[in-house]
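Each chain, written out:
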Amino acid sequence: MAKTMNFEVENYNVREANDSYAIVRAYVVNVGKNNNQTNFEKENIERAIPSILNVPLIGIYSPIKDDFKSHAHNEGEKRQTYAVGVVPESANPHFEVLDNGLEYLVVDMVVWKNYFPSFFNRMAQNEEDGRKTTISMEISANMKTAKKMEDGTLNIIDFKFCGICLLGNDVNPRNSRCRTKSFKIRRRKNRNYR
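Rules used throughout
- Residues numbered from 1 in each chain as written.
- Predicted model: local features only at pLDDT ≥ 70, side-chain atom pairs only at ≥ 80, totals over all residues.
- Heavy atoms only, no water.
- Helix = DSSP H or I, 4+ residues; strand = E, 2+ residues; numbered from the N terminus.
- Buried < 20%, exposed > 50% of the residue type's maximum accessible area, 1.4 Å probe, protein only.
- Contact = heavy atoms within 4.5 Å.
- Areas by Shrake-Rupley, 256 points an atom, 1.4 Å probe, with all protein chains shown as cover.
- Pairing = 2+ DSSP bridges.
- Patch = residues over 30% accessible without salt bridge, like charges linked within 9 Å, V, L, I, M, F, W, Y side chains within 5 Å.
- Salt bridge = Lys/Arg side-chain N within 4 Å of Asp/Glu carboxyl O.
- pLDDT = per-residue confidence, 0-100.
- Core = buried A, V, L, I, M, F, W, Y, C linked by side-chain atoms within 4.5 Å.

Engineer: Any chance you could break down the overall build of the protein chain for me, citing the residues and the numbers?
Structural biologist: Tallying secondary structure elements over the protein chain gives 3 helices and 15 strands in all. Within the protein chain, buried positions represent 48% of all 194 residues. Taking as baseline every contact in the protein chain between residues at least 6 positions apart, the subset at least 24 positions apart corresponds to 75%. Split by element, the accessible area of the protein chain, about 9700 Å² in all, is 48% carbon and sulfur.

Engineer: Explain unusual backbone geometry to me, and be specific about the residues and the numbers.
Structural biologist: Look at Asn54: it is not a glycine, yet its phi comes out positive at around 75°. If you trace the backbone, Asn54 turns up in the loop between α1 (42-52) and β6 (56-59). Exposure remark for Asn54: the relative accessible area of 43% places this residue in the partly exposed category.

Engineer: Can you break down the sheet that holds strand β5 (residues 38-40) residue by residue, with the values?
Structural biologist: On the basis of which strands lie adjacent, the open sheet formed by 4 strands has the order β4-β5-β14-β13 and mixed pairing. For this open sheet the edge positions go to β4 (32-33) and β13 (147-148), each flanked by a neighbour on one side alone. Pairing geometry for β13 and strand β14 (residues 154-155), over 2 bridges, is antiparallel. Counterpart to Lys147 in the pairing with β14 is Asn155.

Engineer: Please set out a nonpolar patch on the surface residue by residue, giving values where relevant.
Structural biologist: Together, Tyr21, Trp112 and Tyr115 make up a nonpolar patch on the protein surface, roughly 350 Å² of accessible area in all. As for its placement among the helices and strands, Tyr115 is situated in the loop between β11 (103-112) and α3 (117-128).

Engineer: Could you give an account of the confidence of the model for the protein chain, naming the residues involved and the relevant values?
Structural biologist: Confidence along the protein chain averages 79 in pLDDT terms, with 79% of residues attaining 70 or more. α1 holds the highest mean pLDDT among the elements of the protein chain, 98, whereas strand β1 (residues 2-9) holds the lowest, 50. Overall, residues 175-194 carries pLDDT values under 50, and its contacts beyond four positions in sequence, including any with other chains, amount to 68 contacts.

Engineer: Outline the pairing of strand β12 (residues 134-142), listing residues and values.
Structural biologist: The two faces of a sheet get side chains in turn, since along a regular strand they alternate between them. Counting buried residues in β12 gives 7 out of 9 residues, a clear majority hidden from the surface. Two strands pair when backbone bridges link them, and β12 and strand β15 (residues 159-167) are joined in this way by 8 bridges, in the antiparallel orientation. In the strand pairing of β15, Thr134 is matched with Leu167.

Engineer: I'd love a proper account of the pattern of salt bridges, names of residues and values included.
Structural biologist: Taken as a whole and judged by the stated rule, the model has 4 salt bridges. A salt bridge links Lys33 to Asp151, with the shortest nitrogen-to-oxygen separation between them at 2.4 Å. Note that Lys33 is positioned in strand β4 and Asp151 in the loop between β13 and β14, a separation of 118 residues in sequence. Glu75 is the salt-bridge partner of Lys78, the closest N and O atoms lying 3.5 Å from each other. Pair noted here: Lys78 and Glu75 are both in helix α2 (residues 75-80), with a separation of 3 residues, about one helical turn.

Engineer: Before we move on, can you summarise the nonpolar core with the specific residues and values?
Structural biologist: Counting 37 residues, the largest nonpolar core has Val28, Ile52, Phe159 and Phe161 as its most contacted members. Secondary-structure elements contributing two or more residues to this core are β3 (21-30), α1, β11, α3, β12 and β15. Ranked by residues supplied to this core, first place goes to β3 with 5 residues. Beyond its immediate sequence surroundings of up to four residues, Phe161 is in contact with Val28, Val29, Ala48, Ser51, Ile52, Val55, Leu105, Met137, Glu138 and Ile139. Core analysis: the next-biggest nonpolar cluster, separate from the first, contains 5 residues, Tyr27, Leu98, Tyr104 and Val106 among them.

Quick look at the structure:
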């Protein structure tokens, strides 16, 4: 039996690529326990890496809040959800240990600036304001293989990546131990991307 699960993190780096798209380096999932009572062992993450290639970067943008929302929770929100980028075949999946001592799966994603200017401009403004746009991985987990650990944490063994979602500043990430170090992204003054 497969179950869809969401896991929020704040780790990503944004680099300017050209006027059409930006490359976003995302720290998708940490090895070990997360604050939402789940555990991901490195070998299980490594097995799931092929499934992250070509998954979408998705989000719901609220012009009223000028920010992203959360995951789609109903049919109306699903219709408001846009694929604003992709984890390409050239995503360079690898592991890095960050300053917080945690090891992460890292991928490079593409954000399409011209087609979704509100999404990119919100990410850019967050960077300029010293805030981070939280991202959340969406996975489909085989619950028949998941195992409860002694402390009650659920060890996720067999899973596939389904997407990565942009979250608003008012959405509390489930993995609050994550930290972000990022490149400064540049927007041309007096120009919105269209």
